[in-house]
Amino acid sequence: MYSEKVIDHFMNPRNVGEIKDADGVGQVGNAKCGDIMKMYLKIENDIIVDAKFKTFGCGAAVATSSMATELVIGKTVDEALKITNKVVAEALNGLPPQKMHCSNLAEEAIRAAIEDYKIKKGILNDTTMKQACSRRCDDVQAEMNDHDE
Amino acid sequence: MTETNIYFDHAATTWVKPEVLETMMPYFKDKYGNASSVYAIGRESKKAIEEARDKVALVLGAQPKEIFFTGSGTEADNWAIKGVAYANRDKGKHIITSNIEHHAVLHTCKYLEKEGFEVTYLPVDKDGLLDAEQVREAIRPDTILVSVMFANNEIGTIQPIAEIGKITKEKGVFFHTDAVQAVGNIKINVDDINVDLLSISAHKFYGPKGVGALYIRRGTKITSFIHGGAQERGRRASTENVPGIVGLGKAIEIADLNIESYNKKLLELRERTINEVLNKIPYVRLNGHRQKRLPGNVNFSFEFIEGESLLLMLDMKGIAASSGSACTSGSLDPSHVLMAIGLPHEIAHGSLRLTFGEENTHEDIDFLMEVLPGIVSKLREMSPLYEAVVSKERIERGNKNV
């Protein structure tokens, strides 16, 4: 079901943990979906110099979290914002269709952590974190129910 | 992926025993006759089917004429429920079942609701146990069928089938039990438990896949399931799966012969696993009834981690197991059984089912206990949910010290 790369990132996840003095922290997902991802970013001169994560979720959720941290390190904030769930999935040599929603976690966690960074820096005023995964998971569930009919 | 060395998923399926396979083999090639044919090679197939029917009937305490071979346990469940519902439409439209049945029963009931039937889905308690009195209270004048599984496929809880059977008999309502997980593990006599219909599946007790059977008590009003030829006395047309049926007959015969020693062994493995896991790993709960459960079933929920991750890591160590996690099913909701016993989503996601079989040994449990605590720790270290609990505990400890 999973590519070798997904299994590799699941079994040997890169950058697990937390950054105590993180410049941006974002948590997305919810326990109802079975997936929660928390991402910590260390940002210096607009460049992401370190990223760590913690994830409660399936193999795909862990692998996408791991890959997302690898992808953001060394990128500018604006470059990191361009990382979509599709980019993360492709970097893992693909995910099974029913697991694509897990890759949303990675995209949304990056956005949430950067949003937090921008709020702390005073660049953003909006303090409402978007619970995008919850929304998308609901969409996936609705789609599945439609198929049942 | 690592090769599977230890198989703990016997509730999903079992391997075919060599003696079962040996009995089946001639019917693939040399004894290939169609059982409906009049010539010798056809009669030979017919004879083999009837011998298998006798064996199933003997084990269940039924008459051979009450045994009908099917393509699976799911087919047997579909036939029992739809067949009784359609045949008894003039008597009523109400069916009673439980909300922890296998999807073969639940989806069949949902289908019948669209056909105008009414279904009551009885709740179970925190151990997955149904109260027989709930069944009595739910029976209405227009109730035609009660369908309650013998033992749950996920949490192993064994239902009070004999008590329910007594009630349905008193009330004159047909009673079906999906005994797919129970046959081969528990002695069952259809008269002792007063069932009218009982489903079985060969691959759950070391028989082949693709063959099952439905016991239909004489006098039960039921429609034919597949229309066509005169096979299975015209009730289930289709050229018989002769090797499969022969295999089912042999497998059930062997299972019944060894059932006591088999149960004793599985019980030892079950009890040891439950005790060791609960004692050695924190934040774990046992799902299902502590005593009233299948001898070879254990089902745990490990808090703060997700079941599929646990399965993948066990797989890497060569252990095959199962989970009620949503991520293993392609759905987003965890198992309906775990939700029905009241587990919150985040705990239901972290379930692990281990089902033992005759090749499992104490060495297998030794190895499980060698790797499982480390896997759970590794996943918890990665979990933001666990991180929150650890922080809270640290604060509480700090407050106490002050």
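**Things to note about the sheet that holds strand β2 (residues 35–44) of chain A**
Residues and elements named next belong to chain A.
Piece 1. Within the open sheet, the three strands sit side by side as β1-β2-β3. Their pairing is antiparallel. Of all strands in the sheet, those bounded by a partner on one side alone are β1 (24–30) and β3 (47–56). The sheet shows a mean angle of 15° between the axes of neighbouring strands, direction not considered.
Piece 2. Pairing of β1 with β2, which is carried by seven bridges, proceeds in the antiparallel orientation. By the bridge assignment for β2, V28 is matched with M37.
Piece 3. Strands β2 and β3 of the sheet are contacted by helix α2 (residues 59–72), whose axis makes an angle of about 175° with β3.
Piece 4. In the packing of helix α5 (residues 100–121) onto the sheet, contacts are made with β1 and β2, and the angle to β1 comes to roughly 145°.

**Structural notes on the pairing of strand β8 (residues 212–216) of chain B**
All names here are of chain B.
Piece 1. Of all five residues in β8, five are buried; the element is thus mostly enclosed.
Piece 2. Residues of β8 alternate between two faces, with G212, L214 and I216 on one and A213 and Y215 on the opposite face, all of them buried.
Piece 3. Taken together, the five bridges between strand β7 (residues 197–201) and β8 define a ladder with antiparallel strand orientation. Residue pairing for β8: L197 is matched across the bridge by I216.

**With respect to the environment of N85 of chain A**
Residue and element names in this part refer to chain A.
Piece 1. With respect to the element layout, N85 can be found in helix α4 (residues 85–91).
Piece 2. A sequence separation of 13 residues divides N85 from Q98, and the C-alpha atoms of the two residues are 14 Å apart.
Piece 3. Contact partners of N85, with chain neighbours within four places excluded, come to M100, S103, N104 and E107.

**Remarks on the confidence of the model for chain A**
Piece 1. Averaged over all residues, the pLDDT of chain A is 85; the fraction at 70 or higher stands at 83%.
Piece 2. Across residues 129–149 of chain A, where pLDDT falls below 50, the model places 28 contacts with residues more than four positions away in sequence or in other chains.

**Structural notes on a nonpolar patch on the surface**
Piece 1. On the surface, L21, M25 and F28 of chain B cluster together into a nonpolar patch covering about 300 Å² of accessible area.
Piece 2. Note that F28 of chain B resides in the loop between α1 (18–24) and α2 (40–60).

**Details of helix α12 (residues 362–381) of chain B**
Residue and element names in this part refer to chain B.
Piece 1. For α12, built from 20 residues, the straight-helix expectation of 28 Å at 1.5 Å per residue is met to within 8% by its first-to-last C-alpha distance of 29 Å.
Piece 2. Taken as a whole, α12 carries its principal kink of about 25° at V371; the proline P373 stands between one and four residues after it.
Piece 3. What α12 keeps buried is the set D364, I365, L368, M369, V371, L372, I375, V376, L379 and R380.

**A few points about the nonpolar core**
Residue and element names in this part refer to chain B.
Piece 1. Core analysis: the biggest nonpolar cluster contains 74 residues, and F302 and L372 have the highest contact counts within it.
Piece 2. Aside from chain neighbours lying at most four places away, what touches F302 is V277, I281, Y283, V284, L310, G350, L352, L372, V376 and R380.
Piece 3. Counting residues in hydrophobic clusters, the runner-up holds 65 residues, among them L130, I164, V195 and I254.

**A short note on the interface of chain B and chain A**
Piece 1. In this assembly, 25 residues from chain B lie in contact with 33 residues from chain A.
Piece 2. With both sides pooled, the region where chain B packs onto chain A buries about 2400 Å², and carbon together with sulfur makes up 66% of that total.
Piece 3. If you look at where chain B meets chain A, you find one salt bridge.
Piece 4. Between K99 of chain A and E308 of chain B there is a salt bridge, with its nearest N and O atoms 2.6 Å apart.

**Notes on the side chain of T177 of chain B**
Residue and element names in this part refer to chain B.
Piece 1. Relative to the elements of secondary structure, T177 occurs in strand β6 (residues 174–178).
Piece 2. Here the side chain of T177 touches F150 through a polar contact of 3.1 Å, landing on its backbone nitrogen.
Piece 3. Here T177 is in contact with V148, M149, F150, I161, V195, L197, L198 and S199, once residues within four sequence places are set aside.

**Some thoughts on the pattern of salt bridges**
Piece 1. The tally for this structure, following the rule as stated, stands at 35 salt bridges over all chains.
Piece 2. Across the pair K54 of chain A and E18 of chain A runs a salt bridge whose closest N-O atoms are separated by 3.8 Å. In this pair, K54 of chain A is assigned in strand β3 and E18 of chain A in the loop between α1 (4–11) and β1, connecting sequence segments 36 residues apart.
Piece 3. Look at E18 of chain A and you get partly exposed, because its relative accessible area is 32%.
Piece 4. Of the charged contacts, one joins E358 of chain B and K17 of chain B as a salt bridge, the two residues approaching to 3.0 Å between their closest N and O atoms. Of this pair, E358 of chain B sits in the loop between β12 (351–355) and α12 while K17 of chain B is found in the loop between β1 (6–7) and α1, placing the two residues 341 residues apart along the sequence.

Calculation notes
Residues numbered from 1 in each chain as written. Chains lettered and ligands numbered in written order. Predicted model: local features only at pLDDT ≥ 70, side-chain atom pairs only at ≥ 80, totals over all residues. Heavy atoms only, no water. Pairing = 2+ DSSP bridges. Helix = DSSP H or I, 4+ residues; strand = E, 2+ residues; numbered from the N terminus. Axes fitted to C-alpha atoms, helices over the stretch in contact; angles between N-to-C directions. Contact = heavy atoms within 4.5 Å. Buried < 20%, exposed > 50% of the residue type's maximum accessible area, 1.4 Å probe, protein only. pLDDT = per-residue confidence, 0-100. Patch = residues over 30% accessible without salt bridge, like charges linked within 9 Å, V, L, I, M, F, W, Y side chains within 5 Å. Areas by Shrake-Rupley, 256 points an atom, 1.4 Å probe, with all protein chains shown as cover. Salt bridge = Lys/Arg side-chain N within 4 Å of Asp/Glu carboxyl O. Expected span 1.5 Å × (residues − 1). Bend = angle between axes of the 7 residues up to and from the residue. Core = buried A, V, L, I, M, F, W, Y, C linked by side-chain atoms within 4.5 Å. Buried area = accessible area lost by both parts, 1.4 Å probe. Polar contact = N/O pair within 3.5 Å; in protein donor to acceptor, adjacent residues only side chain to side chain.

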